[in-house]
Amino acid sequence: MAAGAAELFNGERAVVLLFVSRVLFSVPLSLFYEALALFLLVAGGLVVEISAEGSTVPHRFKTRPGASSGILLGTATLPAAMLSRLIQLSRVLLENDVNSQEVEGLSMQYWIASASCFGVLIFFCLALQYSPKNTGSFQLRSSEALKYGLLQTVLYVAVCSLSLATKSDNGSLLLIKLLWLICHALATVVLIQHILLTFPSCASLGEALLVSSGLVLYFSDMLAHTLTKTFMFVTSWTLNFVGYGTHSEIATVIQGVMLGLFLLPAFYKIVLRGWFCLKNLRKPEASIANGGSHSAVESSIIFYASLSVMLTILIPIWMCVVQDFDVHPIKWVLTFVFTDPLKRLALCLYWICVICASVLRFYNISKHSKIERILLRKYYHLVAVLMFLPALLFQPTFLDLAFGAAFAVFLVLEMIRVWKIWPLGNIVHQFMNAFTDHRDSEVLIVSHFSLLLGCALPKWMSSGLNDRPLAPFAGILSLGIGDTMASVVGHKYGVLRWSKTGKKTIEGTAAGITSVLAACSILLPLLASTGYVLSQHWLSLLMAVTVSGLLEAYTAQLDNAFIPLVFYSLLCL
């Protein structure tokens, strides 16, 4: 019996349940429905993950080799992060008696994230029902699984409806919001299948769930604003049916660029096909697929032209019409940079010097040294600390924009690498391949994306009212310092392992936790000297650092993606 319980609640699941329990323990009465929904969501994720063990569902989608399904972690992370931010905002608004419009918008975003994850859980349940076999030690019979799934769905829908009813003026608005959430759940189900099938062996189920729900959430208000403007244009009525708040100008510019880059593959494909059709090629699709040398340069020119048209013409038009952003984004960025040219240009020069020095040094080491790749990759985590920490202290607003620009550059370079765009395709591939590990594949290299987003997301999510000054530093502290120290110390001096099959050591975890606490003890007085009001309790900080450190020790998922969000969530409490 004890062995069965130990098998069901392994280290990763125990840490996730501890993390969620800490969040739920901090929920005020005003967010009771949101907390109950998170409890139902996590309970469903736990059952689905356990049931998926030994089934053919992970193999059906060709998930990343060597990784567990990660369904529970992927289900809990984003909704728990949104709920933690809600708890923080509710506390700040209560203390300062400020308008609650921002809380209402964030509450809707929480329900979108929660409903998206719940929709994917229903999809996984249906996939398990049609799974040809299940060799796991824990199985639900088809009738039991169906009853449990129906009960979970009814309870979740009831809780969601009650929560939205308290914030809706009439029944028709409540119905519209429920349909809006259902559309997001369906979109997430479609997107996660597309990710897993288009990029085989690149992600676990939990990682794909985090990415798909995050993308749906991020572009949700973009779609809402577009539909609102379209409705106003057709009927001349004002409609704001989902209650989103306003964005800062930096967030609007970043969202526009991200939208353009995510639409670029489809736009490029259409333009490329049209070009070859105009040249009267008999089989344009085969020519594109084969990538013949006679069309490589033409295809590359068309790619760069499509990229330019998308970012300089189409996206600015969308931003002007939908977001009422009247200034061209390029002009706005230049104006923003030169409003404080001395500090911001000096920071850009500093970044360029750090990047050039580190890239040249580490690339030469990777080619001529026998140093293990895992340690080499951790050096880039330290580079992230050198780059982002000074900016976050002295130019936090400019860092928001810089994070978006860096992510856009990474996306463009990855497209160039994957599609072998002349003349940079092979050069980028050879360089990136020098730093890959078992979590990357030939199809998609994700490590640099996850490191950048791991540092950026806590900063972006902390925009606006924030009474926890360490929260924006969650990614830099957990990845740049904690994860790096845990890997280096564990690799060189680690003896006691957390599990018989894993590589993580107790010494490494202790070093990671201690280093983050030491960094916080230095950072807090520095923040106080710059004007921040410190309200972070050391017991709460110790809990946050310990839980995130244990997650790094136990998880088989992409830690760069999950640990910063978990650490951020706990710092907000």
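In this text the structure is predicted, and so the values were computed from the model without any measurement.

How each quantity is defined
Every chain begins its residue count from 1, and numbering advances along the sequence as written. Restriction of local features to residues with pLDDT of at least 70 applies here, the model being predicted, together with a cutoff of 80 or more for giving and counting side-chain atom pairs; totals for whole chains, interfaces and linings are based on all residues. Computation of side-chain values covers all heavy atoms of the structure but excludes hydrogens and water. Per the convention used, a helix needs a DSSP run of H or I reaching at least four residues, while a strand needs a run of E reaching at least two, with both numbered from the N terminus. Two residues form a contact once any of their heavy atoms are found within 4.5 Å. Note that accessible areas follow from Shrake-Rupley with a 1.4 Å probe, and for residues the cover is restricted to the protein chains shown. Each residue is assigned to one of three classes by its accessible area relative to the maximum for its type, calculated with a 1.4 Å probe on protein chains only: buried under 20%, partly exposed between the two thresholds, exposed over 50%. Two rings from Phe, Tyr or Trp (for Trp, the six-membered ring) form a pair when their centres are within 6.5 Å of each other. A pair whose planes differ by under 30 degrees is stacked, one over 60 is edge-to-face, and the rest are tilted. Counting as a charge over the ring demands two things of the Lys NZ or Arg CZ atom: a distance within 6 Å of the ring centre and an angle within 35 degrees of the ring normal. Grouping buried Ala, Val, Leu, Ile, Met, Phe, Trp, Tyr and Cys residues that are joined through side-chain atoms within 4.5 Å yields what is termed a nonpolar core. By salt bridge we mean one thing: a side-chain nitrogen of Lys or Arg within 4 Å of a carboxyl oxygen of Asp or Glu. Axis definition: a line fit to C-alpha positions, over the contact stretch in the case of helices; interaxial angles, taken between N-to-C directions, run 0 to 180 degrees. In what follows, roughly perpendicular refers to angles from 65 to 115 degrees, roughly parallel to angles under 35, roughly antiparallel to angles over 145, and oblique to any angle outside these ranges. Gly is put with the polar residues, along with every residue not named as nonpolar or charged; the nonpolar set is Ala, Val, Leu, Ile, Met, Phe, Trp, Tyr, Cys and Pro, and the charged set is Asp, Glu, Lys and Arg. As a per-residue measure, pLDDT reflects the predictor's confidence and takes values from 0 up to 100. Between N or O atoms, a polar contact is any pair within 3.5 Å; within protein, one atom must be a potential hydrogen donor and the other a potential acceptor, and residues adjacent in sequence are included only when both atoms are from side chains. Any residue with relative accessible area above 30% and no salt bridge may belong to a patch, with like charges joined within 9 Å and the nonpolar Val, Leu, Ile, Met, Phe, Trp and Tyr side chains within 5 Å. Crossing chirality is assigned from the near helix's rotation relative to the far helix, an anticlockwise turn below a right angle marking it left-handed and a clockwise turn marking it right-handed. For a helix, the expected span equals 1.5 Å multiplied by the residue count minus one.

Draft legend 1. Fine view of the overall build of the protein. Along the protein, the regular secondary structure elements total 23 helices and zero strands. In the protein, 78% of the contacts between residues at least 6 apart in sequence involve partners at least 24 apart. Counting only carbon and sulfur atoms, one obtains 69% of the accessible surface of the protein, whose full area is about 27200 Å².

Draft legend 2. The environment of tryptophan 332, seen in detail. Looking at where tryptophan 332 falls in the secondary structure, it is placed in helix α14 (residues 329–337). Residue classification places tryptophan 332 among the buried residues on the basis of a relative accessible area of 11%. Spatially, the C-alpha atoms of tryptophan 332 and valine 253 are 8.7 Å apart, while their sequence positions differ by 79 residues. If we ignore the near neighbours within four places in the chain, the residues touching tryptophan 332 are Glu249, Ile250, Val253, Phe325, Val327 and Leu401.

Draft legend 3. Spotlight on the packing of aromatic side chains. The final tally for this structure, using the stated rule, is 19 aromatic pairs. Aromatic side chains tyrosine 268 and tryptophan 419 sit 5.3 Å apart centroid to centroid with 35° between the ring planes, which places their arrangement in the tilted category. With tyrosine 268 in helix α11 (residues 249–278) and tryptophan 419 in helix α17 (residues 396–419), this pair connects stretches of sequence that are 151 residues apart. Judged by relative accessible area, tryptophan 419 falls into the partly exposed class, the value being 34%. In this structure, arginine 344 packs its charged tip against the face of phenylalanine 336, placed 4.1 Å from the ring centre.

Draft legend 4. Fine view of the nonpolar core. Of all hydrophobic cores here, the largest spans 150 residues; its most connected members are Leu83, Trp111, Leu261, Phe388, Leu470 and Leu477. In terms of residues, this core owes the most to one element, helix α6 (residues 101–129), which gives 15 residues. If sequence neighbours within four positions are ignored, tryptophan 111 has contacts with Tyr33, Glu34, Ala37, Tyr156, Val159, Cys160, Ser163, Leu164 and Leu181.

Draft legend 5. Focus on the pattern of salt bridges. Inspection of every chain in the model, using the stated rule, returns six salt bridges. The salt bridge involving lysine 459 is made with aspartate 400; its shortest N-O contact spans 3.1 Å. Here aspartate 400 lies in helix α17 and lysine 459 lies in helix α19 (residues 447–461), a separation of 59 residues in the sequence. In this structure lysine 459 comes out as buried when scored by relative accessible area, which is 9%. By sharing partners, the salt bridges in this structure join Arg91, Asp467 and Arg468 into a single network.

Draft legend 6. Geometry of the packing of α11 against α17. Axis separation between α11 and α17 bottoms out at 9 Å; the angle between their running directions is 5°. It follows that α11 is roughly parallel to α17 by the angle criterion. Residue-level contacts link Ile250, Ile254, Val257, Met258, Leu261, Phe262, Leu264, Pro265 and Tyr268 of α11 to Thr397, Asp400, Leu401, Gly404, Phe407, Ala408, Leu411, Val412, Met415 and Trp419 of α17. A class-by-class count of the residues in the contact of α11 with α17 yields 16 nonpolar, two polar and one charged.

Draft legend 7. Expanded view of the confidence of the model for the protein. Counting all residues, the mean pLDDT for the protein is 82, and 82% of those residues have values of 70 or more. Between the elements of the protein, mean pLDDT differs from a low of 48, seen in helix α12 (residues 284–290), to a high of 93, seen in helix α23 (residues 559–571). Low pLDDT, under 50, characterises residues 287–294; the stretch is placed with eight contacts to residues that sit more than four places away or in other chains.

Draft legend 8. The side chain of serine 450, seen in detail. Within the secondary structure layout, serine 450 lies in helix α19. The exposure class assigned to serine 450 is buried, which follows from its relative accessible area of 7%. From its side chain, serine 450 meets the backbone oxygen of serine 447 in a polar contact 2.8 Å long. Contacts of serine 450, omitting those with residues within four sequence positions, involve Leu558, Asn560 and Ala561.

Draft legend 9. Examining a nonpolar patch on the surface more closely. A surface patch of nonpolar side chains, amounting to about 390 Å² of accessible area, comprises Val309, Ile313, Leu314, Ile317 and Val321. As for its placement among the helices and strands, leucine 314 is situated in helix α13 (residues 293–322).

Draft legend 10. How the structure looks around the packing of helix α2 (residues 11–25) against helix α22 (residues 538–554). Remark: α2 packs on α22, axes separated minimally by 9 Å, with the N-to-C direction vectors making an angle of 155°. Our classification of the angle between α2 and α22 gives roughly antiparallel. Crossing handedness for the pair α2 and α22: left-handed. Residue-level inspection shows Gly11, Glu12, Val15, Leu18, Phe19 and Arg22 of α2 in contact with α22, the latter providing Ser540, Met543, Val547, Leu550, Leu551 and Tyr554.

Draft legend 11. Summary view of unusual backbone geometry. Cis geometry is adopted by the peptide bond preceding proline 423, which originates at tryptophan 422 and carries an omega value of 0°. When you line up the elements, proline 423 lands in the loop between α17 and α18 (425–433). For aspartate 324, which is not glycine, the phi dihedral falls at a positive 55°. When you line up the elements, aspartate 324 lands in the loop between α13 and α14. The phi angle at lysine 420 is positive, at roughly 55°, despite the residue not being glycine. As for its position among the elements, lysine 420 is in the loop between α17 and α18. Its relative accessible area of 62% is what places lysine 420 among the exposed residues.

Draft legend 12. Representation of helix α21 (residues 506–529). A rise of 1.5 Å per residue sets the reference length of α21, with its 24 residues, at 34 Å; its end C-alpha atoms lie 35 Å apart and thus fit the reference within 8%. Among all positions in α21, only Gly508, Thr509, Ala511, Gly512, Ile513, Ser515, Val516, Ala519, Cys520, Leu523, Leu524 and Leu527 are buried.

Draft legend 13. Region of interest: the environment of asparagine 433. On the secondary structure map, asparagine 433 appears in helix α18. Its relative accessible area of 31% is what places asparagine 433 among the partly exposed residues. Remark: the alpha-carbon pair of asparagine 433 and isoleucine 445, spanning twelve residues in sequence, is separated by 8.4 Å.

Draft legend 14. Up close: the environment of glycine 105. The topology assignment puts glycine 105 in helix α6. Its relative accessible area of 5% is what places glycine 105 among the buried residues. Along the sequence, glycine 105 and aspartate 221 sit 116 residues apart, while their C-alpha atoms lie 9.8 Å from each other.

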